[in-house]
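Notes for the structure review
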Amino acid sequence: MNNKDDIDFSSIISIEDLDEKSLYEISETYQSAREYMENQKWCLKILESFLGIDEGYILGVFLFKIIPSDENIEEYLWVVAGDLPPLYLVTEAAATPADALSRYIEVMTVWAEAATAQTYRPDLPPVEADFSKENGIALQTRLKLLREYLSENFSL
């Protein structure tokens, strides 16, 4: 599914356009996001990669153009990664990296609250972390910091 029109491309930069120093600075987070995307069974291949937000190994928001295995899967998907569980997000409700990060916070808050309360539901996002009270609490702490980061750096 071509969803290119959903994205504000002025808010991102192609990974190919980054200089050597910038590539080095994002390498760990970018590699984590890329591997996460490549491990999705419906992602046949990554065609292009874009950087939206970079805060070193702590946080990266990337956009990937992929070849999906199914025509109902979007061609462009955001991935939030770093010192937190990675998650892919559709572009429909997230035109910019800040929108994607905001959506990440919303979605992961639901998971963190459920994990903290130990109330599993099948509609929770697919998180690559144990569904434990400890992980829920740890994620809530990170999400609080991400909310502060968003409010200080972006006007949503």
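Description of the structure in this document. Predicted, not measured: the structure shown is a model, and the values here were computed from it.

On to the sheet that holds strand β1 (residues 13-14), then. Each strand in a sheet pairs with another by means of backbone hydrogen bonds, the pair being arranged parallel or else antiparallel. Across the sheet, which stays open at both edges, the five strands sit in the order β1-β2-β3-β4-β5 with antiparallel pairing between neighbours. Of all the strands in the sheet, just β1 and β5 (87-90) have a single pairing partner and so form its edges. In this structure, β1 lies alongside strand β2 (residues 43-55), joined through two bridges in antiparallel fashion. Among the inter-strand pairings, I13 is bridged to a residue of β2, identified as L51.

Let us now look at a nonpolar patch on the surface. Side chains of L44, L47 and I67 sit close together on the surface and give an oily, nonpolar patch of about 260 Å² of accessible area. Residue position: L44 is located in strand β2.

Overall, the coordinates contain ten aromatic pairs when judged by the stated rule. Residues F9 and F50 carry aromatic rings whose centres are separated by 5.7 Å and whose planes lie at 75° to one another, so their mutual orientation is edge-to-face. With F9 in the segment before β1 and F50 in strand β2, this residue pair connects regions lying 41 residues apart in the sequence. Between W111 and F131, the aromatic rings sit 5.7 Å apart at their centres with planes inclined by 80°, giving edge-to-face as the arrangement. Here the residue W111 occupies a position in helix α2 (residues 97-117), and F131 occupies one in the loop between α2 and α3 (133-153), the gap between them amounting to 20 residues. For W111, a relative accessible area of 4% translates into the label buried. Following the ring pairs from residue to residue traces out a cluster consisting of F9, F50 and Y76.

Of all seven residues in strand β4 (residues 76-82), six are buried, a share of seventy percent or more. Here strand β3 (residues 59-68) pairs with β4 via seven bridges, running antiparallel. Its bridge partner being in β4, F64 is matched across the sheet by L77. By the bridge criterion, four bridges tie β4 to β5 in an arrangement that is antiparallel. Along β5, the bridge assignment pairs V79 with Y88. Hairpin remark: β4 followed by β5, antiparallel, with four residues in the connecting loop.

Rules used in this analysis
Residues numbered from 1 in each chain as written. Predicted model: local features only at pLDDT ≥ 70, side-chain atom pairs only at ≥ 80, totals over all residues. Heavy atoms only, no water. Pairing = 2+ DSSP bridges. Helix = DSSP H or I, 4+ residues; strand = E, 2+ residues; numbered from the N terminus. Patch = residues over 30% accessible without salt bridge, like charges linked within 9 Å, V, L, I, M, F, W, Y side chains within 5 Å. Areas by Shrake-Rupley, 256 points an atom, 1.4 Å probe, with all protein chains shown as cover. Salt bridge = Lys/Arg side-chain N within 4 Å of Asp/Glu carboxyl O. Phe/Tyr/Trp six-rings, centres within 6.5 Å; stacked < 30°, edge-to-face > 60°. Buried < 20%, exposed > 50% of the residue type's maximum accessible area, 1.4 Å probe, protein only.

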